[in-house]
Number of protein chains: 2
Amino acid sequence: MPNDLNAKIEKHTIAVVVDNEPGVLARVIGLFSGRGYNIESLTVSEVDPVQRLSRITIVTSGTRMVIEQIKAQLDRLVPIHKVRDLSDDEKPCIERELALVKVVGTGEKRIEALRLADIFKARVVDATLTSFVFEITGTGDELNEFAGLMSQLGMIETSRTGIVAIGRGPGGF
Amino acid sequence: MPNDLNAKIEKHTIAVVVDNEPGVLARVIGLFSGRGYNIESLTVSEVDPVQRLSRITIVTSGTRMVIEQIKAQLDRLVPIHKVRDLSDDEKPCIERELALVKVVGTGEKRIEALRLADIFKARVVDATLTSFVFEITGTGDELNEFAGLMSQLGMIETSRTGIVAIGRGPGGF
């Protein structure tokens, strides 16, 4: 039943290695937004300062057919060196995200925030008499859970990186 | 000497809170690339699932005058709720980034990779008999230093989130 398979909405994590020059990111994103596809998470950072290469990680949801079309179009863009759908690999890839979470409060709530941070292995990266900024890493779900708890303890601000992903084992990109 | 000041190239970390809908990210990035300004790092992730708000963090370099123009244009885009140049604050903001680093090797190099990971407080998130994937967080410079060392010990792949930033102390966005 290939039609059913094609119609199923799946979450995909796509890694793209590109030349680090102005306009490349806009073109990559344009391929998604031009089709009305929302980007759930996007990260980009230079990974090779000598060759000036950046790696973009995009999490998106769509039918297999549309994702295949987007991948094929990405492959044709000149400044793009490699495209890989990490969700297609046999072994699940490692996905991690970083969040900074600011919590303001005193008394029991402040103590409870520290206690939970300890359980979640979050680290204090800024502290005043009435505030903490926690740094936490984990999967998106783990970060959602931590943010949900902290929102009850005075969380006033959060900033998240979005997902980065890498395949398991010794194989390279 | 306002002309001199306006001509100086500075690095800026800009936080933008936007509606999480298709096309918004492309418009934000278009403001930069339309002027030939390179985005050194960009992260985007949903920070408020109820109101469906995303927070975008952009690191860019430019003269103060052009950065001011970009900020003013961002402020005028409808799906944009807040714009803040964290570099303008009196106190330096906290900037952090996450990297996944895959190192393949055996023998002394493998041992040395583990030793250095321990010093940099990197954590092993995947291991085989011949490979490690390390997760490390820190400033961009710290991550560069770690990647530079690991590239001599069998690093075959790395994926970085780009910078997220948050102001110090109890003040909110």
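Quantities reported herein were computed from a predicted structural model and do not represent experimental measurements.

The rules we used
- Residues numbered from 1 in each chain as written.
- Chains lettered and ligands numbered in written order.
- Predicted model: local features only at pLDDT ≥ 70, side-chain atom pairs only at ≥ 80, totals over all residues.
- Heavy atoms only, no water.
- Contact = heavy atoms within 4.5 Å.
- Buried area = accessible area lost by both parts, 1.4 Å probe.
- Salt bridge = Lys/Arg side-chain N within 4 Å of Asp/Glu carboxyl O.
- Polar contact = N/O pair within 3.5 Å; in protein donor to acceptor, adjacent residues only side chain to side chain.
- Helix = DSSP H or I, 4+ residues; strand = E, 2+ residues; numbered from the N terminus.
- Nonpolar A, V, L, I, M, F, W, Y, C, P; charged D, E, K, R; others polar.
- Pairing = 2+ DSSP bridges.
- Axes fitted to C-alpha atoms, helices over the stretch in contact; angles between N-to-C directions.
- Parallel < 35°, antiparallel > 145°, perpendicular 65-115°, else oblique.
- Left-handed = near helix turned anticlockwise from the far one by under 90°.
- Least-squares fit on C-alpha atoms with pLDDT ≥ 70 in both.
- Domains from an automatic or database assignment.
- Expected span 1.5 Å × (residues − 1).

Caption draft 1: Quick peek at the interface of chain B and chain A. With 55 residues of chain B at the interface, the matching set in chain A holds 55 residues. Carbon and sulfur atoms supply 58% of the area buried between chain B and chain A, which totals about 4,500 Å² over both sides. Here chain B is connected to chain A by six salt bridges. A salt bridge links B:Asp126 to A:Arg168; its shortest N-O distance comes to 3.0 Å. Our count for the chain B to chain A interface comes out at 24 residue pairs in polar contact (both at pLDDT 80 or more). Counting residues per element, the ones that place at least two in the side of chain B that touches chain A are helix H2 (24-33), strand S2 (39-48), strand S3 (53-63), strand S5 (94-104), strand S6 (123-127), strand S7 (131-138), strand S8 (155-160) and strand S9 (164-166) of chain B. At eight residues, S2(B) tops the list of elements feeding residues into the side of chain B that touches chain A. Each residue belonging to the side of chain B that touches chain A can be placed in one class, and the counts come to 21 nonpolar, 21 polar and 13 charged. Pairing geometry for strand S2 (residues 39-48) of chain A and S2(B), over three bridges, is antiparallel. Along S2(B), the bridge assignment pairs A:Thr43 with B:Thr43.

Caption draft 2: A look at the packing of H2(B) against helix H3 (residues 64-76) of chain B. All names here are of chain B. Packing of H2 against H3 brings their axes to within 10 Å, and their N-to-C directions diverge by 155°. Taken together, the axes of H2 and H3 are roughly antiparallel relative to one another. Where H2 crosses over H3, the handedness of that crossing is right-handed. Counted together, Val28, Leu31 and Phe32 of H2 and Ile70, Gln73 and Leu74 of H3 form the full contact between these two elements. Its residues assigned to classes, the contact of H2 with H3 comprises five nonpolar, one polar and no charged.

Caption draft 3: Geometry of the pattern of salt bridges. Counted under the stated rule, the structure contains 30 salt bridges over all chains. With its nearest N and O atoms 2.8 Å apart, the salt bridge here joins A:Glu157 to B:Arg55. Of this pair, A:Glu157 sits in strand S8 (residues 155-160) while B:Arg55 sits in strand S3, each in a different chain.

Caption draft 4: Representation of the pairing of S6(B) in the model. Residues and elements named next belong to chain B. Where S6 meets S7, four bridges bridge the pair, whose relative direction is antiparallel. Bridging across to S7, Arg123 finds its partner in Glu135. Connecting S6 to the antiparallel partner S7 that follows it, the hairpin turn spans three residues.

Caption draft 5: Local environment of the sheet that holds strand S4 (residues 80-85) of chain B. The eight strands are arranged S4(A)-S1(A)-S3(A)-S2(A)-S2(B)-S3(B)-S1(B)-S4(B) in an open sheet whose pairing can be described as antiparallel. Only two strands of the sheet have a single neighbouring strand rather than two, namely strand S4 (80-85) of chain A together with S4 of chain B. Looking at each pair of strands side by side, their axes are set apart by 20° on average, direction ignored.

Caption draft 6: Local environment of the relation of the copies chain B and chain A. Each copy of the sequence occupies a distinct position, and chain B is placed on chain A by a rotation of 180° and an axial shift of 0.0 Å, giving an RMSD of 0.0 Å. The relationship between the two copies is best expressed as a two-fold rotation axis. Residue B:Thr43, judged by its C-alpha, is the member of chain B lying nearest the rotation axis, at 2.4 Å. Most of the interface of chain B is mirrored in chain A, where 100% of its interface residues again form contacts.

Caption draft 7: Looking closely at the side chain of B:Thr60. With respect to the helices and strands, B:Thr60 occurs in strand S3. Discounting residues that sit within four places of it in the chain, B:Thr60 has contacts with B:Glu10, B:Lys11, B:His12, B:Ile14, B:Phe32, B:Tyr37, B:Asn38, B:Glu40 and B:Ile67.

Caption draft 8: Structural view of the domain arrangement of chain A. All names here are of chain A. Annotation of chain A at the domain level lists domain 1 (4-85) and domain 2 (93-166). Just the C-alpha atoms count here: the centres of domain 1 and domain 2 sit 29 Å apart. Taken together, the contacts link seven residues of domain 1 with seven residues of domain 2. Here domain 1 and domain 2 share an interface that buries about 470 Å² over both sides, 50% of which is from carbon and sulfur atoms. In this structure, the connection of domain 1 to domain 2 is made through zero salt bridges. At the boundary of domain 1 and domain 2, one finds four residue pairs in polar contact (both at pLDDT 80 or more). Contributing elements (two or more residues each) for the side of domain 1 that touches domain 2: S2 and strand S3 (53-63). Of the residues belonging to the side of domain 1 that touches domain 2, the class tally is two nonpolar, four polar and one charged.

Caption draft 9: Highlighting helix H4 (residues 107-119) of chain A. All names here are of chain A. With 13 residues, H4 should reach 18 Å at 1.5 Å per residue; the first-to-last C-alpha distance of 19 Å fits that figure. Buried residues belonging to H4 abut strand S5 (94-104), strand S7 (131-138) and helix H5 (140-150). Once H4 finishes, Lys121 follows within two positions and takes phi at roughly 60°, a positive value.

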